[in-house]
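This is what each chain is made of:
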Amino acid sequence: MSSIGTGYDLSVTTFSPDGRVFQIEYAAKAVDNSGTVIGIKCKDGIVMGVEKLIASKMMLPGSNRRIHSVHRHSGMAVAGLAADGRQIVARAKSEATNYESVYGEPIPVNELAGRVASYVHLCTLYWWLRPFGCGVILGGYDRDGPQLYMIEPSGISYRYFGAAIGKGKQAAKTEIEKLKLSEMTCREGVIEVAKIIYKVHDEAKDKAFELEMSWVCDESKRLHQKVPDELLEEAKAAARTALEEMDAD
Amino acid sequence: MATTMVKENNSGPAQLLGPESAFERTLYPYVTGTSVVALKYKDGILMAADMAASYGSTLRYKSVERMKSIGKHSLLGASGEISDFQEILRYLDELILYDNMWDDGNSLGPKEVHSYLTRVMYNRRNKFNPLWNSLVLGGVKNGQKYLGMVSMIGVNFEDNHVATGFGNHLARPILRDEWHENLSFEDGVKLLEKCMRVLLYRDRLLWFELNSIDSVNGPLV
């Protein structure tokens, strides 16, 4: 896929002759190795879902949260090195509370995305820091409505209707593009996200996974929270039936 | 926070505190709220406070909410310096926010909030820079009722009925005589109204607001 750096990839402060910084690209590879993370913007909110690959049967379901609330109105789903992700989430939480204590209103999502992106980018500027090995999908609902951002290890941050990172991101992106997001409510979005994650999960390579989903929408009173249990079960059931129908063909 | 340049020419606590002593000590409260009265009833807590904030003896602000709900389970009422109360509300806001962000099915109950407030008040008092408030913290969690009080020097206790300020002298004797376990909501309201009436006559209350919290509905305003 990509050429080996040979000499230009030892430090994040070195450019290669063709203008690439290899360390950042290697960091992106760490993200590609993790379970798929999807975010979509529906007409009344954001839905995020994570394919949590279960490393061991001894793990308690519901532990190792991959989606974290950053403030009342926004949350982050993390893909890649989990410990790096925790650091980014901690920084985002602190930026959000700091903004509110200074300006008296919840931090606008685009402002938060900019700050997180700056922080991630910071770690690509010095030789004594390594880039974050994780990508983040940030979803929030502020005065300007629901917004979805994705921040990559390079520090790039764009606003999206639908975003996917991790192992199955290509397949997931294709599926998301098929959806009519502007007409979908978050309730329907939850079912669709579950279906996509079940679909892109590779049964051969990774056995078990746990589906973790969160939303921020009018129905959740614009608060970021885990998708309610009954809706989550409904989504999982719909996803399993959809998968069986596909296999039956 | 009230700050006054106090010129103390002889040595004393001001000298020993160091550079911050010259401009970081609360000496007098300026805009104050008067009593808060609260009692436990059958299903939860009833709390009453007036809606006035005085500037000395002038009734300066006439629709101040001196009771706020904290999280899902508690009610906080405060008397004393209103600006310090607002600062306490900011601390609690951040506390509850971080608690909610765990999103793990647990939430801080009245006992925990009361303990937190006691720590805050006591630590400030130790720095000779108190938050000039008497706080009443009541709530219900998992069917358990809780009612406690914290003073500005960090004294805290739990009881079946509490009052701050003048309420301690005027309302509590009434409560001691007439309070009993398993008061109904209506009886509790009547009892509080009786206390507030005495405070109206004797402490020049304006108009009071009643707040209740029970295990079913959570805080009602």
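Residues numbered from 1 in each chain as written. Chains lettered and ligands numbered in written order. Predicted model: local features only at pLDDT ≥ 70, side-chain atom pairs only at ≥ 80, totals over all residues. Heavy atoms only, no water.

As named in an unreviewed UniProt entry, chain B is Proteasome subunit beta, taken from Hevea brasiliensis. UniProt annotates chain B under Function (unreviewed entry) with the comment "Non-catalytic component of the proteasome." (UniProt positions renumbered as here; feature names shortened; annotations may be inferred.)

Under an unreviewed UniProt entry, chain A has the name Proteasome subunit alpha type and belongs to Hevea brasiliensis. Comment text from UniProt for chain A, heading Function (unreviewed entry), reads "The proteasome is a multicatalytic proteinase complex which is characterized by its ability to cleave peptides with Arg, Phe, Tyr, Leu, and Glu adjacent to the leaving group at neutral or slightly basic pH." Database annotation for chain A, UniProt heading Subunit (unreviewed entry): "The 20S proteasome core is composed of 28 subunits that are arranged in four stacked rings, resulting in a barrel-shaped structure. The two end rings are each formed by seven alpha subunits, and the two central rings are each formed by seven beta subunits."

Visitor: Summarise the confidence of the model for chain B; cite the residues concerned and give the values.
Guide: Residue and element names in this part refer to chain B. With 81% of its residues at a pLDDT of 70 or more, chain B shows a mean pLDDT of 83. Overall, residues 1-15 carries pLDDT values under 50, and its contacts beyond four positions in sequence, including any with other chains, amount to 24 contacts. Predicted confidence for residues 215-221 stays below pLDDT 50, and this span has 14 contacts to residues more than four positions away or in other chains. Across the interfaces of the predicted complex, the ipTM metric reaches 0.85, alongside a pTM of 0.84. (pLDDT = per-residue confidence, 0-100. Contact = heavy atoms within 4.5 Å.)

Visitor: How would you sum up empty space enclosed by the protein? Please name residues and give values.
Guide: All names here are of chain B. By the definition in use, this model includes one cavity of 30 Å³ or more. Of the volumes computed, that of the largest cavity is approximately 30 Å³. The wall of the largest cavity is formed by Lys40, Tyr41, Lys42, Lys145, Trp179, His180, Glu181, Asn182 and Leu183. Residues of the lining of the largest cavity, tallied by class, amount to three nonpolar, two polar and four charged. (1 Å grid on protein atoms, 1.4 Å probe; cavity = no way out; pocket = protein on both sides within 12 Å on 5 of 7 lines; lining within 4 Å. Points joined across faces, edges and corners; volume = space filled by probe spheres on them. Nonpolar A, V, L, I, M, F, W, Y, C, P; charged D, E, K, R; others polar.)

Visitor: Would you mind going over the sheet that holds strand E6 (residues 145-151) of chain A in detail, with residue names and values included?
Guide: Residues and elements named next belong to chain A. In space, the five strands of this open sheet follow the order E3-E4-E5-E6-E7, with antiparallel pairing throughout. Two strands in the sheet have a free side with no partner beyond their single neighbour: strand E3 (67-71) and strand E7 (157-159). Between one strand axis and the next, the sheet turns through 25° on average, direction left out of account. Where E6 and E7 come together, three bridges link them in antiparallel fashion. Pairing of isoleucine 151 across the sheet is with serine 157, part of E7. Packed on one face of the sheet, helix H2 (residues 82-103) meets E3, strand E4 (74-80) and strand E5 (134-142) and runs near 20° to E3. (Pairing = 2+ DSSP bridges. Helix = DSSP H or I, 4+ residues; strand = E, 2+ residues; numbered from the N terminus. Axes fitted to C-alpha atoms, helices over the stretch in contact; angles between N-to-C directions.)

Visitor: So, the sheet that holds strand E1 (residues 37-42) of chain A: which residues are in play, and what are the values?
Guide: All names here are of chain A. Taken in spatial order, the five strands line up as E8-E1-E2-E9-E10 in an open sheet, and their pairing is antiparallel. Lying at the two open borders of the sheet, with one neighbouring strand each, are strand E8 (162-165) and strand E10 (225-226). Pairing of strand E2 (residues 45-53) with strand E9 (residues 209-217), which is carried by nine bridges, proceeds in the antiparallel orientation. Looking at the pairing, glutamate 51 lines up with leucine 211 of E9.

Visitor: Break down the confidence of the model for chain A for me, citing the residues and quoting the values.
Guide: Considering every residue of chain A, the mean pLDDT works out to 91; 98% of them sit at 70 or more. Taken element by element, the predicted model of chain A shows its lowest mean pLDDT in helix H6 (residues 229-248) of chain A (89) and its highest in helix H3 (residues 109-122) of chain A (96).

Visitor: An account of the pairing of strand E2 (residues 36-40) of chain B is needed here, citing residue identities and associated values.
Guide: Residue and element names in this part refer to chain B. Judged by how many residues are buried, E2 sits mostly within the fold: five of five residues are covered. Burial along E2 is two-sided: the residues Val36, Ala38 and Lys40 and Val37 and Leu39 are all buried. Between E2 and strand E3 (residues 44-50), which pair antiparallel and follow one another directly, the connecting turn spans three residues. (Buried < 20%, exposed > 50% of the residue type's maximum accessible area, 1.4 Å probe, protein only.)

Visitor: If you had to explain the nonpolar core to someone new, which residues and values would you point to?
Guide: All names here are of chain A. Core analysis: the biggest nonpolar cluster contains 29 residues, and Ile38, Ile40, Val47, Val190, Met213 and Trp215 have the highest contact counts within it. Secondary-structure elements contributing two or more residues to this core are E1, helix H4 (169-178), helix H5 (186-200), E9 and H6. No other element matches H5, which puts nine residues into this core. For isoleucine 38, the contacting residues outside a window of four places in its chain are Val47, Met48, Gly49, Ile137, Ala163, Ala164, Ala172, Ile176, Ile196 and Ile197. By size, the runner-up hydrophobic cluster in this structure holds 23 residues, among which are Ala96, Tyr119, Cys123 and Phe132. (Core = buried A, V, L, I, M, F, W, Y, C linked by side-chain atoms within 4.5 Å.)

Visitor: Describe the interface of chain A and chain B, and please don't skip the residues or the numbers.
Guide: Listed per partner, the contact involves ten residues of chain A and eight residues of chain B. Of the roughly 800 Å² buried where chain A meets chain B, counting both sides, 49% is carbon and sulfur surface. Across the contact surface, chain A and chain B share two salt bridges. Of the charged contacts in the structure, one is a salt bridge between arginine 65 of chain A and aspartate 103 of chain B, with a shortest N-O distance of 3.7 Å. Taken together, the links from chain A to chain B amount to three residue pairs in polar contact (both at pLDDT 80 or more). Listed by contribution, the elements that provide at least two residues to the side of chain A that touches chain B are E3, H2 and E10 of chain A. (Buried area = accessible area lost by both parts, 1.4 Å probe. Salt bridge = Lys/Arg side-chain N within 4 Å of Asp/Glu carboxyl O. Polar contact = N/O pair within 3.5 Å; in protein donor to acceptor, adjacent residues only side chain to side chain.)

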